[in-house]
Amino acid sequence: MKRGSNMPAVGTYNQTLVLDMIRRSPSGLSRIELAELTGLSAQTLSNVARKLSLAGLILEGDRVVSGPGKPRTMLQLNRRARFAVGIHLDPSIDTFVVVDLSGSIVAHIEAPPEDTDATPDLIAGLAASAHALLRSADVPFDRVLGIGAALPGPIDDAAGMVLTPPLLPNWHHTRVRDLLIESTELPVVVEKDVIAAMVGELWADADHALRDAALLYYGAGVGLGIAHDGDAVRGRTGNAGDIGHLIVDPSGPPCQCGMRGCLGVTVAPERLLFDAGITDSLETPWGAVPAGLDELRTRAQGGDARALAVCARAAESLARAIVLVNNMLDTGTVVIGGPAWSRLSELLEPPLRAALPTIPQITTTRPLRLVEARLGTDLAAAGAACLVLDSMFTARASDLMISAS
Ligand SMILES: [Zn+2]
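Let us look at the structure shown here. From a predicted model like this one, the values you see are computed outputs, not experimental measurements. (Residues numbered from 1 in each chain as written. Predicted model: local features only at pLDDT ≥ 70, side-chain atom pairs only at ≥ 80, totals over all residues. Heavy atoms only, no water.)

This next bit is on the sheet that holds strand E5 (residues 94-100). Reading across the sheet, the 5 strands line up as E6-E5-E4-E7-E10 and stay open at both edges, with mixed pairing between neighbours. Because the sheet does not close on itself, it has two edges, and the strands there are strand E6 (105-111) and strand E10 (188-192). Taken over all neighbouring pairs, the strand axes of this sheet differ in orientation by 20° on average, direction set aside. Packing against the sheet, helix H4 (residues 119-136) makes contact with strand E4 (83-88), E5, E6 and strand E7 (144-151), and its axis sits at approximately 40° to E5. (Pairing = 2+ DSSP bridges. Helix = DSSP H or I, 4+ residues; strand = E, 2+ residues; numbered from the N terminus. Axes fitted to C-alpha atoms, helices over the stretch in contact; angles between N-to-C directions. Contact = heavy atoms within 4.5 Å.)

Structure (structure tokens):
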């Protein structure tokens, strides 16, 4: 079964293929270049380009002279032809973004989560924030393709439902997809947050550098996104990437699973704040975590020994997790991002890079490539919006096969 089946299909395989190549080329591509890249005949390509142009998805750009012969007209993405909304549900802050067709964020708001477990109020709150954001961004409603929602796992992807994420008790067993469709009258896709983040990074992966990559998401929780051959790996149930119980520090803090030093508890923001002496309990209210992390950064940058030691230990734990993940997947490239990472990256990145080759378990034959997430703090929300674009506009060979169902 093809995913995103509640999304209307856009164009034929050839149209999505050509659009895919144009959008990954910031300066555009000429018809001749496109014919070479796709193997399509000049006539077919001309027809495809005309249809994309009529749909308003591409624009005729500059005429470029290169060598002898006629100047070439560059075909470029019409970035403002379509938009998508992304929502990320998180214990400390809900994030809403609008992205254009290039996957760039054109509007963003954050709102504290609704303090209620009444499902209608929760859904109405999301719909109201999404509509307010679209109005403030001056986006024509008829160009909005849909809404993507990034949810903490575990989810039931077939039902579009949040299951029982420990950090989000108000949302347990909520059918987010169907309720949001009813409330907004827009198509809606849902995805586990780290998988959405991976899709978002892949959407604008201009030179296919992330075709095989891992993404370490570091926010209220940690999770792993995986890309294989240019597609995000979802797993059997849409819950791939749970690395919370990867043991990174055998002498580390106890985990509810009964072991010590699992990644999730070892680098949990509330643990860092407690160990640095910024809070006096591990029960930090979620709303206070971002300011706490800012305080941790300020103290470490000011030379506070305890804060620096906490950051060094967190960096080593993350490095060990990255090594273990790469030993399993051999992706070679690791993207790292998320709200906690964004607040601490200046402090964590240098020791993390330094620690990678020193981790005894490392087996890679080439140096690991560590890259910052393009979408920064917003990567789960923007990734969720890119899910909508991806389900409508990404050319996949599997789309050419006739479905048996
Ligand atoms: Zn554990």
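What follows deals with the side chain of Thr284. Relative to the helices and strands, Thr284 is located in the loop between helix H8 (269-275) and helix H9 (289-301). For Thr284, a relative accessible area of 13% puts it in the buried group. Beyond its immediate sequence surroundings of up to four residues, Thr284 is in contact with Glu270, Leu273, Thr279 and Val289. (Buried < 20%, exposed > 50% of the residue type's maximum accessible area, 1.4 Å probe, protein only.)

With that settled, the discussion passes to the packing of aromatic side chains. Scanning the entire structure with this criterion turns up 0 aromatic pairs. Above the ring of Trp203, the side-chain terminus of Arg23 is found at 3.4 Å from the ring centroid. (Phe/Tyr/Trp six-rings, centres within 6.5 Å; stacked < 30°, edge-to-face > 60°. Lys NZ or Arg CZ within 6 Å of the ring centre and 35° of its normal.)

So, about the nonpolar core. In globular proteins that are soluble, nonpolar side chains generally tend to be buried together. In this structure, Val18 and Phe393 are the most contacted members of the largest nonpolar core, which totals 52 residues. The greatest single-element share of this core, amounting to 12 residues, is contributed by helix H12 (residues 379-393). Counting residues in hydrophobic clusters, the runner-up holds 42 residues, among them Ala214, Ile226, Ala355 and Ile359. (Core = buried A, V, L, I, M, F, W, Y, C linked by side-chain atoms within 4.5 Å.)

Here we come to the side chain of Asn326. Tracing the chain through its elements places Asn326 in helix H10 (residues 305-329). Of the residues examined, Asn326 reaches a relative accessible area of 3% and is grouped as buried. When near neighbours in sequence (up to four residues on either side) are disregarded, Asn326 contacts Thr331, Gly332, Thr364 and Leu368.

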